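The chain contents come next:
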Amino acid sequence: MKKVVQKAGYILILLLSFGLTMVPQVGLVIQLRLENRVFQYLGCLLTIIIYILAIWLLLKLFKKITGTTAFKKNSDIFSKRYLAGIGILLFSEYVLGMLNLLVSGENQTANNTEITKLFFQQNSIRLTMILMVIIFAPICEELFFRALLIKTIKLKFWNINWVAILIAGVLFGVLHSSDTIISALMYITMGLILGTIYVKYDNIKLNIAIHATNNLIALIPILVMTR
C-alpha cells in the first residue's frame, strides 16, 4: 500500500511538472486579449517571468526526485554530439514531412500552422513567440519530457531505458497539435530521438541546444513569410 501511495505521489508531481510547462502560455493568452501596446509588452514581460519561475520549479522538482541537479558539468565532446543529434532530427523531420505532404497534402503541421498565425499579430506578440519557441519552450520541454519524466520513470517505476524513452516520446508527440497520423508520428519521432540522446549522454544542455536549434530552423521560414 505504501508503494502505491508513493507512486501516486510521483504521478502527481509529474502532472504538476507538466502543468508548469503549460502555465507560462497564460501570459501569451492575456497578451492576445490586450489592445494597448504598453500592456502588450507588459504581457510579454509577464510571460518571461512565469517561464523563469516554471524553470526554477522544474529544477527543484528534478532535484527532489533524483537527488541530483539537472544541469551537470559534462566533460564530453559537445559539438560532435550536437551536430549528430540535430542532423538526425532534421533528417527524420524532412523524410516524414515529405511523406506527410505526399499522403495528406499538408506542407506544415497543425502545430506550426497555429504558430504561424500568431506571428501575424502585433510586434509584442511576435517577440513573445520568438522567445518562447527558441528559448523557453525548449528549456521547459526538455526539463520535463526528457530530464524529469524519463528519470522518474526509470528511478520510480521501470528501470528500462526503452520504456522510459517510449513513454516520454509518445506523450511529447501526442501533446503537440497534429491533424494527420504522419504529423503526429513526426513529433513522436522527435521525442524518441531526443529521449535517446538524453539517456545515452545524460546531458540536458545538449538536448536543449538541439531542440532550440531545431525550433529556430523551423521558425526561419515563418519569420520570412510574416516580415
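What counts as what
- Residues numbered from 1 in each chain as written.
- Predicted model: local features only at pLDDT ≥ 70, side-chain atom pairs only at ≥ 80, totals over all residues.
- Heavy atoms only, no water.
- Helix = DSSP H or I, 4+ residues; strand = E, 2+ residues; numbered from the N terminus.
- Rg over C-alpha atoms; globule rule 2.2 N^0.38 Å.
- Buried < 20%, exposed > 50% of the residue type's maximum accessible area, 1.4 Å probe, protein only.
- Contact = heavy atoms within 4.5 Å.
- Areas by Shrake-Rupley, 256 points an atom, 1.4 Å probe, with all protein chains shown as cover.
- Lys, Arg positive; Asp, Glu negative; His and termini not counted.
- Charge placed at Lys NZ, Arg CZ, Asp CG, Glu CD.
- Core = buried A, V, L, I, M, F, W, Y, C linked by side-chain atoms within 4.5 Å.
- Phe/Tyr/Trp six-rings, centres within 6.5 Å; stacked < 30°, edge-to-face > 60°.
- Axes fitted to C-alpha atoms, helices over the stretch in contact; angles between N-to-C directions.
- Parallel < 35°, antiparallel > 145°, perpendicular 65-115°, else oblique.
- Left-handed = near helix turned anticlockwise from the far one by under 90°.
- Nonpolar A, V, L, I, M, F, W, Y, C, P; charged D, E, K, R; others polar.
- Patch = residues over 30% accessible without salt bridge, like charges linked within 9 Å, V, L, I, M, F, W, Y side chains within 5 Å.
- Salt bridge = Lys/Arg side-chain N within 4 Å of Asp/Glu carboxyl O.
- Polar contact = N/O pair within 3.5 Å; in protein donor to acceptor, adjacent residues only side chain to side chain.

(A) Focus on the overall build of the protein. Along the protein, the regular secondary structure elements total 9 helices and 0 strands. Reading the secondary structure of the protein in the N-to-C direction produces α-α-α-α-α-α-α-α-α. The C-alpha radius of gyration computed for the protein amounts to 18 Å, which stays within 12% of the reference 17 Å derived for 227 residues, consistent with globular compactness. Taken along its principal axes, the extent of the C-alpha atoms in the protein is 55 × 40 × 35 Å. Each of the 227 residues in the protein was classed as buried or not, and the buried ones make up 43%. Here the analysis covers contacts within the protein between residues at least 6 apart in sequence; of these, 77% occur between residues at least 24 apart. Taken as a whole, the protein presents about 12,400 Å² of accessible surface, with 69% of it coming from carbon and sulfur. Averaged over its 21 positive side-chain charges, the protein has a centre that lies 14 Å from the centre of its 9 negative ones.

(B) Focus on the nonpolar core. Core analysis: the biggest nonpolar cluster contains 47 residues, and M129, L143, L148, L149 and I210 have the highest contact counts within it. Secondary structure elements with two or more residues in this core: helix 1 (2-22), helix 3 (37-66), helix 4 (78-104), helix 5 (110-118), helix 6 (123-157), helix 7 (161-174), helix 8 (181-201) and helix 9 (204-226). When neighbours within four sequence positions are excluded, L148 is seen to be in contact with L14, S17, L58, L61, F62, I65 and L143.

(C) Inspection of the packing of aromatic side chains at higher detail. Scanning the entire structure with this criterion turns up 7 aromatic pairs. Seen in terms of ring centroids, F18 and F144 are 5.8 Å apart; in terms of plane orientation they differ by 50 degrees. Their pairing is tilted. Of this pair, F18 sits in helix 1 while F144 sits in helix 6, placing them 126 residues apart in sequence. The partly exposed category is assigned to F18, whose relative accessible area is 23%. Taken together, the aromatic side chains of F18, F144, F145 and F172 make up a single cluster linked through ring pairs.

(D) Highlighting the packing of helix 4 against helix 8. At a minimum axis distance of 9 Å, the contact between helix 4 and helix 8 shows a crossing angle of 165 degrees. Relative to helix 8, helix 4 is oriented roughly antiparallel. The way helix 4 lies across helix 8 gives a crossing that is right-handed. Side by side, helix 4 and helix 8 meet where R81, G85, I88, L89, S92, E93, L96, G97, L99, N100 and V103 of the first sit next to I182, S183, L185, M186, T189, M190, I193, I197 and Y201 of the second. Looking at side-chain class alone, the contact of helix 4 with helix 8 contains 12 nonpolar, 6 polar and 2 charged residues.

(E) Structural view of the packing of helix 2 (residues 25-33) against helix 3. At a minimum axis separation of 8 Å, helix 2 and helix 3 run at an interaxial angle of 170 degrees. Viewed along their axes, helix 2 and helix 3 adopt a mutual orientation that is roughly antiparallel. In this structure, helix 2 contributes Q25, G27, L28, I30 and Q31 to the contact, and helix 3 contributes Q40, G43, C44, L46, T47, I50 and Y51. In terms of residue class, the contact of helix 2 with helix 3 is made up of 6 nonpolar, 6 polar and no charged.

(F) Spatial organisation of a nonpolar patch on the surface. On the surface, W158, I160, W162, L166, V170, L171, V174 and L175 cluster together into a nonpolar patch covering about 760 Å² of accessible area. Turning to its location among the elements, I160 is positioned in the loop between helix 6 and helix 7.

(G) Main features of the pattern of salt bridges. Following the criterion strictly, the structure yields 4 salt bridges and no others. The closest approach of N and O atoms between D202 and K72, which form a salt bridge, is 2.7 Å. Here the residue D202 occupies a position in the loop between helix 8 and helix 9, and K72 occupies one in the loop between helix 3 and helix 4, the gap between them amounting to 130 residues. Residue D202 is classed as partly exposed on the basis of its relative accessible area of 23%. Overlapping salt bridges bring together K72, K151 and D202 as one network.

(H) Expanded view of the side chain of E106. Here E106 is to be found in the loop between helix 4 and helix 5. Although E106 is buried, it forms no salt bridge, and the closest oppositely charged side chain is K117 at an N-O distance of 11 Å. Reaching out from E106, the side chain makes a polar contact with the side chain of N100 at a distance of 2.8 Å. Setting aside its immediate chain neighbours within four residues, E106 contacts N100, L101, D179, T180 and S183.

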